[in-house]
Amino acid sequence: MLEALNPQPQDKILQLIQMYKDDPRDNKIDLGVGVYKDATGLTPVMRAVKAAEKKLWETEKTKTYTGLAGEPAYNVAMVKMILGDGYADRAASVATPGGTGAIRQALELIKLASPTATVWLSNPTWPNHPSIIKYLGMNMAEYRYFDAATRGIDFAGLIEDLGRVKAGDAVLLHGCCHNPTGANLNADQWAEVAKLLLAKGAIPFVDLAYQGFGDGLEADAASTRLIAETFPEVLIAASCSKNFGIYRERTGILIALGEASRRAITQGNLNFLNRQNYSFPPDHGARLVTMILEDDTLRADWKAELEEVRLNMLTLRQSLADELRRATNSDRFDFVATHRGMFSRLGLTEAQVNILREQHGIYMVGDSRINIAGLNAKTVPILAKAIAQLAA
Ligand code: PLP
Ligand code: TYF
């Protein structure tokens with residue numbers, strides 16, 4: 001049987017991690033995978049997570065199975081963090097292994113309810129979106145998103161393409177901190193997109209993997225909240241990997257908003273999908289998140305550290321934009337300061353990305369996406385200079 005298997009395409013982002021590891025140069029710079037790193041290059045365990053783990057170790061009495069949807073307290077705390085109050089009667093939800101698990105379950109739910117629906121993706125988007133959709137054999141379409149010339153949003157193209165959405169199609173929107181571009185819709189543009197999609201009868205599917213990494217924990221939820229208020233049905237796949245720094249604990253949630261009278265059936269279907277795929281979702285990370293969100297002291301400390309992380313990335317953005325302005329003697333890279341989240345797509349060619357890697361040991365994804373958090377005060381000028389040399 002196994003001889004029938006064909007090689008599978010590798011994830012280019014994950015491949016880059018290996019290339020970086022294999023590079024013997026000690027001045028190499030890793031701007032690849034989207035993992036937060038502090039100035040020393042460490043992805044730290046957050047203080048509140050450590051404190052919650054200690055408390056959990058001291059107080060946990062059993063590791064028996066949790067529920068199919070996870071622990072109810074986690075789902076309540078997450079719905080509140082993402083949407084605020086007032087959704088108890090409309091929100092069905094399941095804990096999932098990471099944001100990816102939530103995306104997978106959301107797509108399976110769409111497939112279960114409406115097998116021929118098309119899922120619309122921004123061009124570009126996180127490569128796992130099309131990969132999973134293709135694997136599930138679902139219909140997929142793209143809407144224009146990024147303007148390669150300005151490194152901002154191609155809003156006219158986006159509106160034109162979303163104008164072709166059919167009733168019942170699902171439209172995947174990055175709730176904040178767009179991956180891979182770093183370019184985001186402003187509030188007016190979100191309102192216009194919501195109005196258009198509502199008129200089309202589309203189902204918004206929000207991927208929220210970076211809440212707290214852009215403009216702040218509340219501000220980053222604003223567009224998701226607008227969508228939740230506007231539409232009768234919404235899917236939200238959220239991840240705790242980044243904002244709680246618990247990547248390997250695999251902690252996420254899928255929230256399905258719908259009519260209150262249908263909530264129990266939707267919940268039953270979400271539980272069913274969890275059971276088909278892995279039964280009970282992982283608990284450890286979800287429990288830590290719950291403990292942090294429910295405890296005033298832990299929550300305050302977590303929020304403070306998340307703000308440090310966010311502001312550190314903002315400072316790096318600003319200094320990279322400043323250095324590039326100096327090094328290139330132009331404003332061509334000013335967009336770096338207005339992008340938000342971990343990433344910016346610089347708009348370099350693949351050949352230029354290769355030169356940066358081969359000649360300077362600077363690793364970024366082939367589409368010229370950089371992870372801002374991979375920089376520090378010392379490497380910002382090095383990157384700027386290397387980019388300026390390319391342009392020359
Ligand atoms: N969605 C986007 C856009 C991402 O960049 C990521 C990756 O970190 C995820 C979802 C899911 O992350 P995870 O499965 O690690 O929680
Ligand atoms: O885009 C990124 O770098 C993060 C991390 O298969 C990631 O979202 C990348 C690839 C992948 C899983 C996570």
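Residues numbered from 1 in each chain as written. Chains lettered and ligands numbered in written order. Predicted model: local features only at pLDDT ≥ 70, side-chain atom pairs only at ≥ 80, totals over all residues.

## Things to note about the nonpolar core
If you look at the biggest cluster of nonpolar residues, it comprises 106 residues, and the most contacted ones within it are I82, A106, V171, L235 and L254. In terms of residue count, the dominant contributor to this core is helix α11 (residues 296-328) (8 residues). Both domains that furnish three or more residues to this core are identified here as domain 1 (10-45 + 299-391) and domain 2 (65-294). The residues contacting L235, other than those within four sequence positions of it, are A106, L109, I203, F205, L254 and A256. (Core = buried A, V, L, I, M, F, W, Y, C linked by C-beta atoms within 7 Å. Buried ≥ 20, exposed ≤ 12 C-beta atoms within 10 Å, placed from the backbone. Helix = DSSP H or I, 4+ residues; strand = E, 2+ residues; numbered from the N terminus. Domains from an automatic or database assignment. Contact = placed C-beta atoms within 7 Å.)

## Describing the UniProt feature "domain: Aminotransferase class I/classII large" (unreviewed entry) in the protein chain
In the numbering used here, UniProt assigns the "domain: Aminotransferase class I/classII large" (unreviewed entry) feature to residues 27-387. Annotation note: span residues 27-387, helix share 45%, strand share 15%, distance between end C-alpha atoms 16 Å. (UniProt positions renumbered as here; feature names shortened; annotations may be inferred.)

## Here's the deal with the environment of L306
Mapped onto the elements of the fold, L306 is located in helix α11. Residues L306 and Q389, 83 residues apart in the sequence, show an inter-C-alpha distance of 35 Å.

## Brief notes about the pairing of strand β2 (residues 91-96)
The buried fraction of β2 amounts to 6 of the 6 residues, a majority that puts the element mostly inside the structure. Of the two faces of β2, the one lined by A91, S93 and A95 and the one lined by A92, V94 and T96 are each fully buried. As judged from the 6 bridges shared by β2 and strand β10 (residues 252-257), these two strands associate in the antiparallel manner. In the strand pairing of β10, S93 is matched with I255. (Pairing = 2+ DSSP bridges.)

## Here we look at the site of ligand 1
Around ligand 1 lies a shell of 13 residues, among which G98, G99, T100, S239 and S241 are the nearest. The biggest single contributor to the shell around ligand 1 is helix α4 (residues 98-113), with 3 residues. A breakdown of the residues in the shell around ligand 1 according to their chemical character gives 3 nonpolar, 9 polar and 1 charged. (Near = placed C-beta within 6 Å. Nonpolar A, V, L, I, M, F, W, Y, C, P; charged D, E, K, R; others polar.)

## Remarks on the packing of helix α2 (residues 47-59) against α11
At a closest axis distance of 8 Å, the pairing of α2 and α11 adopts a crossing angle of 150°. For the element pair α2 / α11, the angle class is roughly antiparallel. From α2, R47, A48, A51 and A52 reach across to α11, where they touch L298, D301, W302 and E305. Class assignment of the residues belonging to the contact of α2 with α11 gives a composition of 5 nonpolar, no polar and 3 charged. (Axes fitted to C-alpha atoms, helices over the stretch in contact; angles between N-to-C directions. Parallel < 35°, antiparallel > 145°, perpendicular 65-115°, else oblique.)

## Thoughts on the sheet that holds strand β3 (residues 118-123)
If you walk across this open sheet you meet the 7 strands as β2-β10-β9-β8-β7-β3-β4, and the pairing is mixed. Since the sheet does not close on itself, it has two edges, and those belong to β2 and β4 (139-144), each with one partner. For this sheet the average axis-to-axis angle between neighbouring strands, irrespective of direction, equals 20°. Against the sheet, helix α6 (residues 155-162) touches β4 and β7 (170-174), its axis set at about 150° to β4.

## Things to note about the site of ligand 2
As a matter of local geometry, ligand 2 sits amid D11, I13, L14, V33, G34, W126, N128 and N179. Of the residues contributing to the shell around ligand 2, the split by class is 4 nonpolar, 3 polar and 1 charged. Of the residues that make up the shell around ligand 2, three or more belong to each of domain 1 (10-45 + 299-391) and domain 2 (65-294).

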